[in-house]
Amino acid sequence: LRCCSRALARPVSVSVFSRPEAQAVQVRLFYVVPLTCILCIPQPAGVSYPQLTRREFQTSAVSRDIDTAAKFIGAGAATVGVAGSGAGIGTVFGSLIIGYARNPSLKQQLFSYAILGFALSEAMGLFCLMVAFLILFAM
């Protein structure tokens, strides 16, 4: 079982990100384990496995600019929900006016429903704004 856990701990990124043109920040050694070890078949004594190097990601000015642009795009997309909140509030109070015009005796009940709809719609807009600020300042 010990030889199997060594095979499972080898990351896939070893083979994907091991280009020689990338500069290595930190180098770790991993073993290439044959299928017989994964199946826990006993190996002959003295067998050695070839070693591979894993290279870490390197951040550059270009990738920081892309990250900053992605933050601004994400914050802008999250802010779109504020416009939906405004449209919802307009719909709620428009319906209040129509309902009051149809039946003026239900003024108090319609107004309480309108305040509830306004609060829920405004809360969704504030949640969208909060997510936009989280994307900008917390990530």
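Within any chain, residue numbers begin from 1 and follow the written order of that chain's sequence. Local features are withheld for residues below a pLDDT of 70 in this predicted model, meaning they are given only at 70 or higher, and side-chain atom pairs are given and counted only at 80 or more; totals for whole chains, interfaces and linings count all residues. Only hydrogens and water are set aside; all other atoms, that is, all heavy atoms of the structure, feed into the side-chain values.

- Under an unreviewed UniProt entry, the protein has the name ATP synthase lipid-binding protein and belongs to Bambusicola thoracicus.
- Listed in UniProt under the heading Subcellular location (unreviewed entry), the comment for the protein reads: "Mitochondrion membrane". UniProt positions are given in the numbering used here, feature names are shortened, and annotations may be inferred rather than shown by experiment.

**Description of the UniProt feature "transmembrane region" (unreviewed entry) in the protein**
- UniProt tags residues 72-98 and 110-138 as "transmembrane region" (unreviewed entry).
- Within the segment residues 72-98, helix and strand shares are 100% and 0% respectively, and the terminal C-alpha atoms sit 40 Å apart. Secondary structure elements follow DSSP: runs of H or I of four or more residues count as helices, runs of E of two or more count as strands, with numbering from the N terminus.

**Some details on the packing of aromatic side chains**
- For Phe, Tyr and Trp, where Trp contributes only its six-membered ring, two rings pair if their centres lie within 6.5 Å, and the inter-plane angle classes them as stacked under 30 degrees, edge-to-face over 60, or tilted in between. Using the criterion set out here, one finds two aromatic pairs in the structure.
- Geometrically, the ring pair formed by F93 and F118 is tilted, given 5.9 Å between the ring centres and 50 degrees between the ring planes. Separated by 25 residues along the polypeptide, F93 in helix α4 (residues 61-102) and F118 in helix α5 (residues 107-137) bring together distant segments of the chain.
- A ring pair is formed by F133 and F137, whose centres lie 6.2 Å apart and whose planes are at 25 degrees; its orientation type is stacked. On the criterion of helical spacing, the pair formed by F133 and F137 is a turn pair, its members being four residues apart in helix α5.
- Looking at F137, the relative accessible area reads 66%, which means it is exposed. Think of it in three bands: residues with accessible area under 20% of the maximum for their type are buried, residues over 50% are exposed, and the middle band is partly exposed, with areas taken using a 1.4 Å probe on protein chains only.

**Brief notes about the packing of α4 against α5**
- Axis separation between α4 and α5 bottoms out at 7 Å; the angle between their running directions is 175 degrees. With respect to their mutual orientation, α4 and α5 come out roughly antiparallel.
- When residues are grouped by polarity, Ala, Val, Leu, Ile, Met, Phe, Trp, Tyr, Cys and Pro land in nonpolar, Asp, Glu, Lys and Arg in charged, and all others, Gly among them, in polar. Of the residues that constitute the contact of α4 with α5, the class distribution is 19 nonpolar, nine polar and three charged. In this description, a line fitted to the C-alpha atoms serves as the axis of each element, helices being fitted only across the stretch in contact, and the angle between N-to-C directions of two axes falls anywhere from 0 to 180 degrees. Roughly parallel here means an angle under 35 degrees, roughly antiparallel means over 145, roughly perpendicular means 65 to 115, and every remaining angle is called oblique.

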